[in-house]
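# Fold and geometry: a report
Each chain, written out:
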Amino acid sequence: MRQGRQPQIIDRSRDQEYMREALALAAQGAALGEVPVGAVLVQDGEIIGRGFNCPISGSDPSAHAEMVAIRAAAAAASNYRLPGSTLYVTLEPCSMCAGLIVHSRVSRVVYGAVEPKAGIVESQGQFFTQGFLNHRVLFEGGVLAEECGAILSEFFKARRAK
């Protein structure tokens, strides 16, 4: 019988540092004309996956920041499961990304800005608390929320001005 990882010890002291990495990735996406959302996946204190939204440039509707970061992390770990990991993302995840988070066994999600319309963690549906799930994900919102919201607001303000 294989033994799983020990439960994750939450170290909130580095949450802002990792969120700043995600914000830098969001800015890269914005420079390409993508909605500025960035994500990093951390396991054992190391960033093993990075991503920013790129569905437009990649002609891939699934290329959300979380999806890109988790794919990169799984490849780096040579494992489709990422127990003990934390995903930092600048915007509350959508339903597609929340499903991926559960299936990849991410232990914790930390996000910045809320997404009132499509955010599924707390804004709509509270997905991670549903009893039918076979994996529990810890979550925390509001980390650098002002900065995360500002990059999105500035992006859409500039887009509307065009």
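Figured I'd write up the structure that's included with this text. Everything numeric in this text was worked out from a predicted model, so none of it was measured.

So, how was this worked out
- Residues numbered from 1 in each chain as written.
- Predicted model: local features only at pLDDT ≥ 70, side-chain atom pairs only at ≥ 80, totals over all residues.
- Heavy atoms only, no water.
- Helix = DSSP H or I, 4+ residues; strand = E, 2+ residues; numbered from the N terminus.
- Rg over C-alpha atoms; globule rule 2.2 N^0.38 Å.
- Buried < 20%, exposed > 50% of the residue type's maximum accessible area, 1.4 Å probe, protein only.
- Contact = heavy atoms within 4.5 Å.
- Axes fitted to C-alpha atoms, helices over the stretch in contact; angles between N-to-C directions.
- Parallel < 35°, antiparallel > 145°, perpendicular 65-115°, else oblique.
- Left-handed = near helix turned anticlockwise from the far one by under 90°.
- Nonpolar A, V, L, I, M, F, W, Y, C, P; charged D, E, K, R; others polar.
- Pairing = 2+ DSSP bridges.
- Right-handed = clockwise from strand over helix to strand, strands pointing away.

## Focus on the overall build of the protein chain
Secondary structure assignment for the protein chain yields four helices and five strands. For a compact globule of 162 residues, the expected C-alpha radius of gyration is about 15 Å, and the protein chain comes in at 15 Å, within 12% of that figure. Based on the C-alpha atoms only, the size of the protein chain along its principal axes is roughly 60 × 30 × 30 Å. Among the 162 residues that make up the protein chain, the fraction classed as buried is 45%. In the protein chain, the share of contacts with a sequence separation of at least 24, taken over all contacts with a separation of at least 6, comes to 60%.

## Observations concerning the packing of helix α2 (residues 65-77) against helix α3 (residues 95-103)
For the pair α2 and α3, the least separation of the axes is 9 Å and the interaxial angle reads 20 degrees. In terms of orientation, α2 lies roughly parallel with respect to α3. As for the relative orientation of α2 and α3, their crossing is left-handed in sense. Contacts between α2 and α3 involve Glu66, Met67 and Ile70 from the former and Met96, Cys97, Leu100 and Ile101 from the latter. Its residues placed into classes, the contact of α2 with α3 shows six nonpolar, no polar and one charged.

## Looking at the pairing of strand β4 (residues 108-113)
The buried fraction of β4 amounts to six of the six residues, a majority that puts the element mostly inside the structure. Here strand β3 (residues 85-91) pairs with β4 via five bridges, running parallel. For Tyr88, the partnering residue across the bridge sits in β4 and is Val110. The handedness of the β3 to β4 crossover, carried by α3, is right-handed. Pairing of β4 with strand β5 (residues 138-140) involves three bridges; the strand directions are parallel. In the strand pairing of β5, Arg108 is matched with Leu138.

The quantities given are spatial measurements derived from coordinates; they are silent on function.
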